[in-house]
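# A structural walkthrough
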Amino acid sequence: MAKRVFLIVLDSFGIGEMPDAASFGDEGSNTLGAIVKSGKYATPMLQKMGLFNIEGVACGKPARRPLAAFARLAEVSVGKDTTTGHWEMAGAESGKPLPVYPHGFPAELVRAFEEKAGRKTLCNKPYSGTEVLKDYGEEHMRTGALIVYTSADSVFQIAAHESIVPPQQLYEYCRIARSMLTGEHGVGRVIARPFEGTCPADFRRTPRRHDFSLQPPAETMLDYVSAAGLDVIAVGKISDIFAGQGVTQALPTSGNPEGQQVLLRLAQQDF
């Protein structure tokens, strides 16, 4: 079997603030330091590989003889979101941050989207993806208005109940938003967030999420590898983050459990 590389990204697993954390309201952030305190946290293999031996990691128990190489890296791109980080890991640096909307999107932008989509919208605030369904899901089902919201990342998210707006129609609304969100409003991702359920107590997001990303600002590792005639297999949302650029096979998944199973299957395959 030919030599292969598996690049696995643990999202929301940061080991401390960056020098520019204050620019994004993230002073003092340390996700690993926070979750290690949970009684549910357990990563024995990462501990053996050297997770707690990394410079600056002050939690957990360092391994006496780490099994792997490890390092602490600093991002050079300007920004903090998923898209910018993944692009840089693949070799494309971003010189300016993607726009974020801590107070919601401009009213004129939302009105223009409503006109093109032919539907009204609700919310237009930064929101938790689960809480927004509790607070706006019933009104959406009653009126048919799309739930538009954002987060700390550069994202324009549209949630809709699958019985009111079928996923394919929701994707079309996202394509409309993606075509509009360019230039100064060029958010990293427009995300379709379909959900199901009967009331706030049981509203839940479905696996049919879909991300519509900007094109990377330059060629990435994915482009060079695929141009060399090698396979670039993207598991989960990776193909979406790179807008499919440089990907030879996309394997979308419904969440972490399925992503792990797909990865284990790939480990048994020759590519």
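Residues numbered from 1 in each chain as written. Predicted model: local features only at pLDDT ≥ 70, side-chain atom pairs only at ≥ 80, totals over all residues. Heavy atoms only, no water.

Turning to the environment of Thr121, a few remarks are in order. As for its position among the elements, Thr121 is in strand E1 (residues 121–126). What makes Thr121 buried here is its relative accessible area of 15%. Residues Thr121 and Ala68, 53 residues apart in the sequence, show an inter-C-alpha distance of 49 Å. Those residues in contact with Thr121 that sit more than four places away from it in its chain are Val110, Phe113, Glu114, Ala145, Leu146 and Val148. Polar side-chain contacts of Thr121 include one of 2.7 Å to the side chain of Glu114. (Helix = DSSP H or I, 4+ residues; strand = E, 2+ residues; numbered from the N terminus. Buried < 20%, exposed > 50% of the residue type's maximum accessible area, 1.4 Å probe, protein only. Contact = heavy atoms within 4.5 Å. Polar contact = N/O pair within 3.5 Å; in protein donor to acceptor, adjacent residues only side chain to side chain.)

Following both chains from N to C, one finds helix H4 (residues 107–117) and helix H6 (residues 167–180) inclined at 135°, their axes separated by 10 Å at the closest point. Taken together, the axes of H4 and H6 lie oblique to each other. The way H4 lies across H6 gives a crossing that is right-handed. Within the contact between the two elements, H4 uses Leu109, Ala112, Phe113, Lys116 and Ala117 and H6 uses Tyr173, Ile176, Ala177 and Met180. Class assignment for the residues of the contact of H4 with H6 results in eight nonpolar, no polar and one charged. (Axes fitted to C-alpha atoms, helices over the stretch in contact; angles between N-to-C directions. Parallel < 35°, antiparallel > 145°, perpendicular 65-115°, else oblique. Left-handed = near helix turned anticlockwise from the far one by under 90°. Nonpolar A, V, L, I, M, F, W, Y, C, P; charged D, E, K, R; others polar.)

In this model, H6 (14 residues) spans 20 Å end to end at C-alpha, consistent with the 20 Å of a helix rising 1.5 Å per residue. The inward-facing, buried residues of H6 abut H4, strand E2 (146–150), strand E3 (155–161), strand E4 (189–196) and strand E6 (210–213). (Expected span 1.5 Å × (residues − 1).)

Overall, the coordinates contain eight salt bridges when judged by the stated rule. Here Arg208 ties to Glu162 by a salt bridge, and the two come within 2.7 Å at their closest N and O atoms. In this pair, Arg208 is assigned in the loop between strand E5 (204–205) and E6 and Glu162 in the loop between E3 and H6, connecting sequence segments 46 residues apart. In this structure Arg208 comes out as partly exposed when scored by relative accessible area, which is 36%. On the basis of relative accessibility, which here comes to 18%, the residue Glu162 falls in the buried class. A single salt-bridge network, built from bridges that share partners, covers Asp153, Arg189, Arg209 and Asp211. (Salt bridge = Lys/Arg side-chain N within 4 Å of Asp/Glu carboxyl O.)

Our focus in this paragraph is the pairing of E1. In terms of strand pairing, E1 meets E2 through four bridges, oriented parallel. Directly across from Pro126, in E2, lies its bridge partner Thr150. (Pairing = 2+ DSSP bridges.)

Further remarks concern the nonpolar core. Within the largest apolar cluster, 24 residues are counted, with the highest numbers of intra-cluster contacts made by Phe105, Phe113, Phe156, Ile158, Tyr173 and Val190. Among the secondary structure elements, those contributing two or more residues to this core are H4, E2, E3, H6 and E4. When residues of this core are assigned to their parent elements, the largest contribution, seven residues, is made by H6. Excluding anything up to four places from it in sequence, Val190 contacts Phe156, Cys174, Ala177, Arg178, Leu181, His210, Asp211 and Phe212. In terms of nonpolar packing, the next biggest core, distinct from the first, is built from 11 residues, Val132, Leu133, Ala145 and Tyr149 among them. (Core = buried A, V, L, I, M, F, W, Y, C linked by side-chain atoms within 4.5 Å.)

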